[in-house]
Amino acid sequence: MTERVFNFSAGPAVLPEPVLKQAQRDLFALPGVGMSVLEISHRSATFEQIIKEAEEDLRRLLDIPAGYKVLFLQGGASLQFSMAPMNLLPKDRSADYIITGSWGQGAIKEAKKLGTVREAGSTADSNFSRLPAQEELKLDPHAAYVHFTSNETIFGVEYRTEPEVGDVPLVCDASSDFISRPIDVSKYGLIYAGAQKNAGPAGATIVIIREDLLDRVPDGLPAMLDYKNLVKGASMYNTPPCFAIYICGLVFKWALSEVGGLGKIHERNKEKAKILYDAIDASGGYYRGHSVPEDRSLMNVTFRLPSEELEKKFAKEATAAGLDGLKGHRSVGGMRASIYNAFPREGVVRLVEFMKEFQQKNG
Ligand code: PMP
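The numbers attached to residues start from 1 for each chain and follow its sequence in the written order. Under the rules for a predicted model, residues below a pLDDT of 70 receive no local features and side-chain atom pairs below 80 are neither given nor counted, while totals for whole chains, interfaces and linings still include all residues. Working from all heavy atoms in the structure, the side-chain values ignore hydrogens and water.

Draft legend 1. Representation of unusual backbone geometry in the model. A cis amide bond links Gly11 with the next residue in sequence, Pro12, at an omega value of -10 degrees. Numbering of helices and strands starts at the N terminus; helices are DSSP runs of H or I of at least 4 residues and strands are runs of E of at least 2. Counting through the fold element by element, Pro12 comes out in the loop between strand E1 (6-7) and helix H1 (17-26). Phi is positive for Ala234, close to 50 degrees, though the residue is something other than glycine. Along the chain, Ala234 falls in the loop between helix H5 (227-232) and helix H6 (242-259). Accessible area is worked out with a 1.4 Å probe on protein chains only. A residue is then buried under 20% of its type maximum, exposed over 50%, and partly exposed in between. According to the relative accessible area criterion, Ala234 is exposed, its value standing at 52%.

Shown next, in the form of structure tokens:
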């Protein structure tokens, strides 16, 4: 099969077609280099230029202020669940975690192994169908940091604006809404994201850290887990994930030049999500969104059908119709349509048509 389907996968996820086409062209030989990016030394001038441009383009895209370091690491966002507390949580202090889904639960579980942590808020009692209001949070003004998950990929709830944490550094797992909208990076101490949703393929993890936090890094951490050491090595303390970084670089260029930056990307994402949520809301209760309307994710649209049997049928028939990857995570059930930056509007329109037909036949 050479035709591409509409890929609603939560990650690894759809990449921009121009990026795939360029990667395909460059895979045999980078122009003027005579070797592919899979084959060149990470210490070569060619790769040094690739990683430098990737960082510069990301800085432009997210408008990252001076005073922040950018790292391209390995180990996924999951390794950051451990690295953040290892580096930023001193033994005599505690950190606050806001739990809005499975990924936040994963993050606090790892942090507990390494230091003292508090749950400053949680919406577990609603099966993570909403975000806690600011007044619900029990924040410790002396916390070493506050950790939150900007978009909970499984439940489909997303912060519109950051929780207010005063002077306490904000640490964000932004894996599933990274570069999907403009943010004010200066509000954050640390942002981390696995690349495999909006930024590129699996294999690279992006970390943005405010420089003054590096002073907290304790001595004696394993070199590969030490932000200070990794910053000193400019992401090349050891062999970095060269190919993944190269693709991320192409994605950043696409976002900047072909789409026109994060403002435009956000507009497109809002429009796509609205088409889908409007269809859910107009179905007379046949399709039911998991999240309360005000916290709905623009990235992962989660919804249920009247029965599990119908959900199975929906997923099967959708796949046959070229709408792939719609089955939801077992902790929510139902469907999940992941519509990241590179997901085309046309695919959302096709899904909505499919939903209407399915309801007519099975309602
Ligand atoms: N955090 C969030 C919000 C995620 O969506 C994911 C992956 N789906 C992770 C963390 C874990 O990422 P990784 O697989 O890169 O470790």
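Draft legend 2. View of the domain arrangement of the protein chain. Domain ranges listed in this record stem from an automatic or a database domain assignment. Along its sequence, the protein chain is organised into domain 1 (18-259) and domain 2 (261-362). Computed over C-alpha atoms, the centres of domain 1 and domain 2 are 27 Å apart. Note on definitions: a residue-residue contact is assigned when non-hydrogen atoms from the two residues lie within 4.5 Å. Of the residues lining the interface, 29 residues belong to domain 1; the matching set on domain 2 comes to 26 residues. Computed with a 1.4 Å rolling probe, the buried area is the accessible surface lost when two parts are put together, summed over both parts. Both sides together, the interface formed by domain 1 and domain 2 hides about 2,300 Å², and carbon and sulfur atoms give 55% of it. One speaks of a salt bridge when a side-chain nitrogen belonging to Lys or Arg is within 4 Å of a carboxyl oxygen belonging to Asp or Glu. On inspection of domain 1 and its partner domain 2, the count reaches zero salt bridges.

Draft legend 3. Spatial organisation of the sheet that holds strand E10 (residues 205-210). Read from one edge of the open sheet, seven strands run E2-E10-E9-E8-E5-E3-E4, paired in mixed fashion. Of all the strands in the sheet, the pair left with one neighbour each is strand E2 (68-73) and strand E4 (116-122). Shown here is a sheet whose adjacent strand axes are inclined to one another by a mean of 15 degrees, direction ignored. Note: two strands are recorded as paired if DSSP finds a minimum of 2 bridges between them. Pairing geometry for E2 and E10, over six bridges, is antiparallel. Its bridge partner lying in E10, Leu71 is registered against Val207. A fitted line through C-alpha atoms serves as each axis, taken over the contacting stretch for helices, and the angle formed by two N-to-C directions is quoted from 0 to 180°. Across the sheet, helix H3 (residues 76-88) lies against E2, strand E3 (94-99), strand E8 (170-173), strand E9 (190-194) and E10, angled at about 160 degrees from E9, the strand it touches most.

Draft legend 4. Molecular detail of the pairing of E3. Burial within E3 is extensive, with six of its six residues counted as buried. Residues Ser94, Asp96 and Ile98 point to one face of E3 and Ala95, Tyr97 and Ile99 to the other, with burial holding for every one of them. With six bridges joining them, E3 and E4 adopt parallel strand pairing. Residue Asp96 lies in a different strand from E4, and its bridge partner there is Arg118. Where E3 and strand E5 (residues 146-149) come together, two bridges link them in parallel fashion. Looking at E5, one finds that Asp96 is bridged to Val146.

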